[in-house]
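Remarks on the overall topology
Read off the chains here:
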Amino acid sequence: MGFVIKNITVVSYNDELEILENVNVAVDGEKIAYLGTEMPDLSGYDVINGEGKTLLPGLVNAHTHTPMTLLRSYADDMALHTWLYEHIFKIEAKMDSEDIYWGSQLAMLEMIAGGTTCFADMYYFMDRVAEATAQSGLKALLSRGLINGAVLDDYSNDERLSEAIDLFKNWNGAADGRIRIAFSPHAVYTCSPQYIAAIRDAAQKLGAYIHTHVDETVKEHNDCVQQYGKTPVRHLYDIGLFDVPTIAAHCVHVTDRDMDRMKQKNVSFIHNPGSNLKLASGIAPVPDALKKGINVALGTDGASSNNNLNMWEEMSLAALIHKGKSLDPTAVKAEEAFKMATVNGAEALGFHDTGRIKEGYYADMIIVNISKPHYLPSHKLTSNLAYSAQAADVETVFVNGRMLYDKGDYKTLDREKIIYNVNRVCSRLF
Ligand SMILES: [Zn+2]
């Protein structure tokens, strides 16, 4: 049995953007069973009144590092290289599996309350993140970030890669299919070509996706050109990494030719505007990527470089910053930003029957209160969602038809316990 949301406004992409007013949406088990103006037989169904509200697909945070919530406001206002090597890597070396667990649960509290239902996460001790994800009810593409030490010809005994393979074997398809496991070469500057090739082979053998950072900074771009004689995208393309379905975070300094290669190999372009601005990495060529038909999705990156996991803010930034850069007010439209944050993210992460409000799709949906002052008047709802909406407007969150959150109440996670433990591990770490 399931529930019906009555008289709600649905915003979702099918082939085109659809805004359906005063419709009823019925959910049976994990999936959307009915969407339309008729009233389905309600016997045995819970009924939710949707008046003054909108029902959207859950937001997809397509690039983050959830345990980095513990490092929020720990190292700010510095360049990526200094931030990463002099601060982040040093404190990360002290973090144990318990820290990772509580840090990721803190991220899940924040994501759920803001309407994120699915995320792509790259870190270490990922079995603990998988455990936290299973408990939270969220959907995720998880991967162990891989960095090689010595440059070797043969990585068949590499400890981290073996860990990633074990993670896949233990967790891929777990929690009723809510968890999928990817492989993550961290970046071209932390992985040798041989190591990237070994990771590609492992992913290919298991049918897994790749989640990596690509061309985030000018330094990464120039160093790669100097060391390998080619751009990061061309370098990864030549290694054959993109023969595996890939999500590429950042892509700030990719060239026109790079984007042709990304399109050719169906690589998803994960735009992280907040993180790129904060670390002064630059502004990614998203309007060009959209023109080429590349699948562009949105991510927050970790909470240490953002400093939040608020996908509404990313949507707004994505719709704004390209206008400012190009002096073209049509560069990224509100509807495009909304699409990046929903269906494009779900597609990028390989959750193909998710990301739309559509019969037969998984009921990953959020109810947003659009009767608050900052939505009025609603001349154009999609503009209000991209430019005016706040994370706090999210009232109710469902994943696979299960309610995870309702008006401040967490249904799967223990907020007080998580905050207590975050404070406890932080007093040891810092
Ligand atoms: Zn990242």
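Computed from a prediction, not measured in an experiment: that's the story for all the values here. (Residues numbered from 1 in each chain as written. Predicted model: local features only at pLDDT ≥ 70, side-chain atom pairs only at ≥ 80, totals over all residues. Heavy atoms only, no water.)

1. A look at the side chain of Thr300
Along the chain, Thr300 falls in the loop between strand S13 (296-298) and helix H12 (311-326). Residue class for Thr300 comes out buried when judged on its relative accessible area of 0%. A polar side-chain atom of Thr300 sits 2.8 Å from a polar atom in the side chain of Asn61. In contact with Thr300, other than residues within four places in its own chain, are Asn61, His63, Thr64, Asn272, Ser275, Asn306, Asn308, Leu309, Asn310, Met311 and Glu314. (Helix = DSSP H or I, 4+ residues; strand = E, 2+ residues; numbered from the N terminus. Buried < 20%, exposed > 50% of the residue type's maximum accessible area, 1.4 Å probe, protein only. Polar contact = N/O pair within 3.5 Å; in protein donor to acceptor, adjacent residues only side chain to side chain. Contact = heavy atoms within 4.5 Å.)

2. Topic: the side chain of Thr117
Along the chain, Thr117 falls in strand S7 (residues 116-123). For Thr117, a relative accessible area of 1% puts it in the buried group. Excluding its chain neighbours within four sequence positions, the residues that come into contact with Thr117 are Gly58, Leu59, Leu138, Lys139, Asp364, Ile366, Val397, Phe398 and Val399.

3. Description of unusual backbone geometry
Of note, the bond from Asn306 into Asn307 is cis; its omega dihedral lies within 30 degrees of zero at 10°. Residue position: Asn307 is located in the loop between S13 and H12. Residues Leu376 and Pro377 are joined by a peptide bond in cis, for which omega reads -10°. Tracing the backbone through its elements, the reader meets Pro377 in the loop between strand S14 (365-369) and helix H15 (381-388). Unlike most non-glycine residues, Asn266 shows phi in positive territory, near 60°. Among the secondary structure elements, Asn266 is positioned in the loop between helix H9 (256-264) and strand S12 (268-271). One non-glycine residue, Leu327, adopts positive backbone phi at about 60°. Note on placement: Leu327 falls in the loop between H12 and helix H13 (334-341).

4. Describing the coordination of the zinc ion
Around a metal, the idealised angle for a tetrahedral arrangement of four donor atoms is 109.5 degrees; for an octahedral arrangement of six donor atoms it is 90 or 180 degrees. Protein-derived ligands of the zinc ion are His63 (NE2), His65 (NE2), His213 (NE2) and Asp301 (OD), with the metal-ligand distances lying across 2.1 to 2.4 Å. All donors to the zinc ion come from one chain, and their sequence spacing reads H-x1-H-x147-H-x87-D. Of this pair, His63 sits in strand S6 (residues 59-64) while His213 is found in strand S10 (residues 209-214), placing the two residues 150 residues apart along the sequence. His63 sits in the buried class, given a relative accessible area of 0%. (Donors = N, O, S within 2.8 Å, 3.2 Å for Na, K, Ca; no water.)

5. Details of H13
Within H13, six of the eight residues are buried, leaving the element largely enclosed by the surrounding structure. Residues Ala334, Glu335, Ala337, Phe338, Met340 and Ala341 constitute the buried set of H13.

6. Considerations on the pairing of S12
Side chains Ser268 and Ile270 project from S12 onto one buried face, and the interleaved Phe269 and His271 project onto a second face that is buried too. Where strand S11 (residues 246-250) lies against S12, three bridges are found, and the strand directions are parallel. The partner of Ala249 across the bridge, within S12, is Ile270. Crossover handedness for the path S11 to H9 to S12: right-handed. As judged from the three bridges shared by S12 and S13, these two strands associate in the parallel manner. Each bridged residue has a counterpart across the sheet, and for His271 the counterpart in S13 is Leu298. (Pairing = 2+ DSSP bridges. Right-handed = clockwise from strand over helix to strand, strands pointing away.)

7. Side note on the layout of surface pockets
Volume-wise, the largest pocket comes out at about 600 Å³. Among the secondary structure elements, those contributing two or more residues to the lining of the largest pocket are helix H1 (80-92), S7, strand S8 (139-146) and helix H4 (159-171). Partitioning the lining of the largest pocket into residue classes produces 15 nonpolar, nine polar and six charged. (1 Å grid on protein atoms, 1.4 Å probe; cavity = no way out; pocket = protein on both sides within 12 Å on 5 of 7 lines; lining within 4 Å. Points joined across faces, edges and corners; volume = space filled by probe spheres on them. Nonpolar A, V, L, I, M, F, W, Y, C, P; charged D, E, K, R; others polar.)

8. Quick notes on the domain arrangement of the chain
The accessible area lost on association of the parts is a frequent measure of interface size. Its domain assignment divides the chain into domain 1 (2-57 + 357-410) and domain 2 (59-348). Facing 28 residues of domain 1, the contacting portion of domain 2 comprises 28 residues. Summing both partners gives a buried area of about 2300 Å² for domain 1 against domain 2, and 67% of it is carried by carbon and sulfur. Looking only at domain 1, the three residues that lose the most surface to domain 2 are Tyr13, Tyr387 and Tyr410, adding up to 26% of its buried area. (Domains from an automatic or database assignment. Buried area = accessible area lost by both parts, 1.4 Å probe.)

9. Side note on the pairing of strand S16 (residues 402-406)
The pairing of strand S15 (residues 394-399) with S16 spans four bridges and is antiparallel. Bridge assignment links Thr396 to a residue of S16, and that residue is Asp406. Following S15, the chain reverses through two residues before pairing antiparallel with S16; Asn400 in that reversal takes a positive phi of roughly 50°. One ladder, built from two bridges, connects S16 with strand S17 (residues 409-410); its direction is antiparallel. Pairing of Asp406 across the sheet is with Asp409, part of S17. Taking the residues that link successive antiparallel strands as the turn, the S16-S17 hairpin has two residues, and the phi of Lys407 there is positive, at about 45°.

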